[in-house]
Amino acid sequence: MALPATNSLTPGVTLDVRDAVKSYGDVKALAGVSMRIEAGQFMALLGPNGAGKSTLFQLLSGLFVPDAGAISICGEDFLKKPTLGLAKLGVVFQQPTLDLDLSVTGNLRFHSSLHGLGAEGRARIPQLLVDVGLAGSEEKTCRSLSGGNRRKVELARALLHKPRLLLMDEATVGLDPASRTTLMALVKQRCRDEGLAVLWATHLVNEAEQADRVYVLHKGKKLAEGTPAEIVAASACSTLEEAFLKMTGPASGAGKPEEKAA
Ligand SMILES: Nc1ncnc2c1ncn2[C@@H]1O[C@H](COP(=O)(O)OP(=O)(O)OP(=O)(O)O)[C@@H](O)[C@H]1O
Ligand SMILES: [Mg+2]
């Protein structure tokens, strides 16, 4: 499905996905997903293991193209002009992707060069590291950092080119509660202060409860979307966890606050 030639998308819509389909052989990972995220909005993508969250991220970051459907980032057709969308996109992937032998600053400088940011990008690195709580760690190798601090480096790297849309794929897996809270607070502050739009994939209900909106994905399909309160009310449950388990089934083990292996 092609997007209209003229941009008829609502102003302020940062991400617009329409009927995205993606299969791996016989496995239909996404079965027609549509989603809109506005500037400044924090959307949790809540789904159990295998729901299709990372597959959606792979489409949104241009690693795969959908079998069908349309994706627009900041009003540009991402499938026709991916470089325009990629320039506006920051991503923290589910699997860590830092060069562990480089310093914290070295990882960010490398990213700055990849994005062609030049001296202006490099000049932003010190303040960004202060913002994410890594002042004093600039010259440490990433290998020497804790898991939580490595994730903060990945967040700083994802923000370095001033994206309009941030994708966080289970970025808090393996982190202790304090580090999780810090990471989420950092991202929410950027939503409020800079109008950053965020898609935050998680299988943890207590993270989704803190989002502006929640998109419940299961077996490649949307089961519900709305504010946490709207989803609870629509399901006639008393908590989001109950609503999520009612929708996805307790057998998935989803929604529990325990961690899974990274
Ligand atoms: N490269 C691949 N080849 C074949 N099947 C795949 C591949 N990647 C994902 N899948 C399948 O697609 C479905 C969706 O997987 P995906 O990784 O997108 O889910 P997820 O919601 O990110 O899960 P998790 O919470 O475990 O990270 C699953 O059935 C998975 O086994
Ligand atoms: Mg995943």
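Up top is the structure these notes are about.
Residues numbered from 1 in each chain as written. Chains lettered and ligands numbered in written order. Predicted model: local features only at pLDDT ≥ 70, side-chain atom pairs only at ≥ 80, totals over all residues. Heavy atoms only, no water.

Undergrad: Please give an account of helix H9 (residues 240-248) that cites residues and values.
TA: Those residues of H9 lying buried are Leu240, Ala243, Phe244, Leu245 and Thr248. Looking at the buried positions of H9, the neighbouring elements they touch are strand S3 (42-46), helix H7 (205-208), strand S9 (213-218), strand S10 (221-226) and helix H8 (228-234). Count one or two residues on from H9 and you reach Gly249, which has phi positive near 90°. (Buried < 20%, exposed > 50% of the residue type's maximum accessible area, 1.4 Å probe, protein only. Helix = DSSP H or I, 4+ residues; strand = E, 2+ residues; numbered from the N terminus. Contact = heavy atoms within 4.5 Å.)

Undergrad: Hey, could you go over the environment of His111 for me, with residue numbers and the actual values?
TA: Along the chain, His111 turns up in helix H3 (residues 104-114). For His111, a relative accessible area of 12% translates into the label buried. Non-local contacts of His111, meaning those with residues more than four positions away in its chain, are made with Arg157, Leu160 and His161.

Undergrad: Before we move on, can you summarise the layout of surface pockets with the specific residues and values?
TA: By volume, the largest pocket is sized at about 460 Å³. Around the largest pocket, the lining is made up of 20 residues, and of these Val91, Phe93, His111, Leu114 and His115 lie nearest the centre. Looking at the lining of the largest pocket, the elements that each hand over two or more residues are helix H2 (82-87), strand S6 (89-92), H3 and helix H5 (147-159). When residues in the lining of the largest pocket are grouped by element, the largest group, four residues, is from H3. Residue composition of the lining of the largest pocket, by class: 10 nonpolar, eight polar and two charged. (1 Å grid on protein atoms, 1.4 Å probe; cavity = no way out; pocket = protein on both sides within 12 Å on 5 of 7 lines; lining within 4 Å. Points joined across faces, edges and corners; volume = space filled by probe spheres on them. Nonpolar A, V, L, I, M, F, W, Y, C, P; charged D, E, K, R; others polar.)

Undergrad: Quick rundown of the packing of H3 against helix H4 (residues 118-131)? Include the residues and the values.
TA: Where H3 meets H4, the closest approach of the two axes is 9 Å, and the angle between their N-to-C directions is 145°. With respect to the hand of their crossing, H3 and H4 are arranged in right-handed fashion. Residues Val104, Thr105, Leu108, Arg109 and Ser112 of H3 form the contact with H4, whose participating residues are Gly118, Gly121, Arg122, Ile125 and Leu129. Broken down by class, the residue content of the contact of H3 with H4 amounts to four nonpolar, four polar and two charged. (Axes fitted to C-alpha atoms, helices over the stretch in contact; angles between N-to-C directions. Left-handed = near helix turned anticlockwise from the far one by under 90°.)

Undergrad: Any chance you could break down the sheet that holds strand S7 (residues 165-169) for me, citing the residues and the numbers?
TA: Strand order in the open sheet formed by six strands is S6-S7-S8-S3-S9-S10, and the pairing between neighbours is mixed. At either margin of the open sheet sits one strand with a lone partner, and together these are S6 and S10. Across the sheet, the mean angle from the axis of one strand to that of its neighbour is 15°, orientation sign disregarded. In this structure, S7 lies alongside strand S8 (residues 197-202), joined through five bridges in parallel fashion. Bridging from a neighbouring strand, Leu166 pairs with Val198 of S8. (Pairing = 2+ DSSP bridges.)

Undergrad: Quick one: what's the story with the coordination of the magnesium ion (ligand 2), residue by residue and with numbers?
TA: Surrounding the magnesium ion (ligand 2) are the protein donor atoms Ser54 (OG) and Gln94 (OE1), which sit 2.1 to 2.2 Å from the metal. In this pair, Ser54 sits in helix H1 (residues 53-60) while Gln94 sits in the loop between S6 and H3, placing the two residues 40 residues apart along the sequence. (Donors = N, O, S within 2.8 Å, 3.2 Å for Na, K, Ca; no water.)

Geometry only, nothing functional implied.
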